[in-house]
Amino acid sequence: MMDDLKPFLILLVFGNIENLILAAQGVAASVNPLGLAILSLFAASCWLMIGTFGTKIAIKYAKYINFIGGLAIFILGIQAMMESLPGILKFFH
């Protein structure tokens, strides 16, 4: 099983880091923590099911999936940093 996931390992690691960043943004925006937790668990469960059953199909497209996933993670990270800049600048002034 690990050999099947090896091409997606980097995407899995950085995707989980991005999920933590998005959850932190939800907490900072005063979102209901219980609702956020339920939605986060639902999303993680969906990705687990997709990853478990879709790996055999997706392995042929691993390079493209890694590129698109990495690009999405990069864009979401930039967006998170841009949204946090006003708060950071306000903190230091």
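Above: the structure in question.
Being a predicted model, the structure only gives us computed values, none of them experimental. By convention here, each chain's residues receive numbers from 1 onward along its written sequence. With the structure being a predicted model, the display of local features is reserved for residues of pLDDT at least 70 and the display and counting of side-chain atom pairs for 80 or more, all residues being used for whole-chain, interface and lining totals. Calculated side-chain values reflect all of the structure's heavy atoms, with hydrogen atoms and water omitted.

A. Up close: the overall build of the protein chain. Put simply, DSSP marks the helices as runs of H or I at least four residues long and the strands as runs of E at least two long, and each gets a number from the N terminus on. A count of helical and extended segments in the protein chain gives four helices and zero strands. Taken from the N to the C terminus, the helices and strands of the protein chain come in the order α-α-α-α. Within these notes, the globule rule equals 2.2 Å times the number of residues to the 0.38 power, and the radius of gyration is based on C-alpha atoms. In summary, the protein chain has a C-alpha radius of gyration of 16 Å against a globular reference of 12 Å for 93 residues, an excess of more than 25%. With the principal axes as the frame, the protein chain shows a C-alpha extent of 50 × 30 × 15 Å. Each residue is placed in one exposure class: buried if its accessible area under a 1.4 Å probe, protein chains only, is under 20% of its type's maximum, exposed if it is over 50%, and partly exposed if it falls in between. A burial count over the protein chain gives 14% of its 93 residues as buried. It only takes one pair of heavy atoms within 4.5 Å for two residues to be counted as in contact. If you take every contact in the protein chain between residues at least 6 apart in sequence, the share linking residues at least 24 apart comes to 84%. Where accessible areas are quoted, they stem from the Shrake-Rupley method and a 1.4 Å probe; at the residue level, only the protein chains shown are allowed to cover. Of the accessible surface of the protein chain, which amounts to about 7,700 Å², a share of 79% is contributed by carbon and sulfur atoms.

B. View of the packing of aromatic side chains. For Phe, Tyr and Trp, where Trp contributes only its six-membered ring, two rings pair if their centres lie within 6.5 Å, and the inter-plane angle classes them as stacked under 30 degrees, edge-to-face over 60, or tilted in between. Evaluated as defined, the whole model comprises one aromatic pair. Between phenylalanine 91 and phenylalanine 92, the ring centres sit 5.1 Å apart and the planes meet at 80°, which makes this aromatic pair edge-to-face.

C. The arrangement of the layout of surface pockets in detail. The way it works is a 1 Å grid over only the protein atoms, where trapped points that fit a 1.4 Å probe form a cavity and open points with protein on both sides within 12 Å along at least five of seven lines form a pocket, and then any residue with an atom within 4 Å of a point lines it. Grid points are joined across faces, edges and corners, and a volume is the space filled by probe spheres set on the points. There is about 1,100 Å³ of room inside the largest pocket. When residues of the lining of the largest pocket are traced back to their parent elements, those giving at least two are α2 (9–28), α3 (33–58) and α4 (62–92). Among the elements that take part in the lining of the largest pocket, α3 stands out by supplying twelve residues, more than any other. In this count, Pro and Cys sit with the nonpolar residues alongside Ala, Val, Leu, Ile, Met, Phe, Trp and Tyr, while Asp, Glu, Lys and Arg are called charged and the others, Gly among them, polar. Residues that form the lining of the largest pocket fall into these classes: 19 nonpolar, nine polar and one charged.

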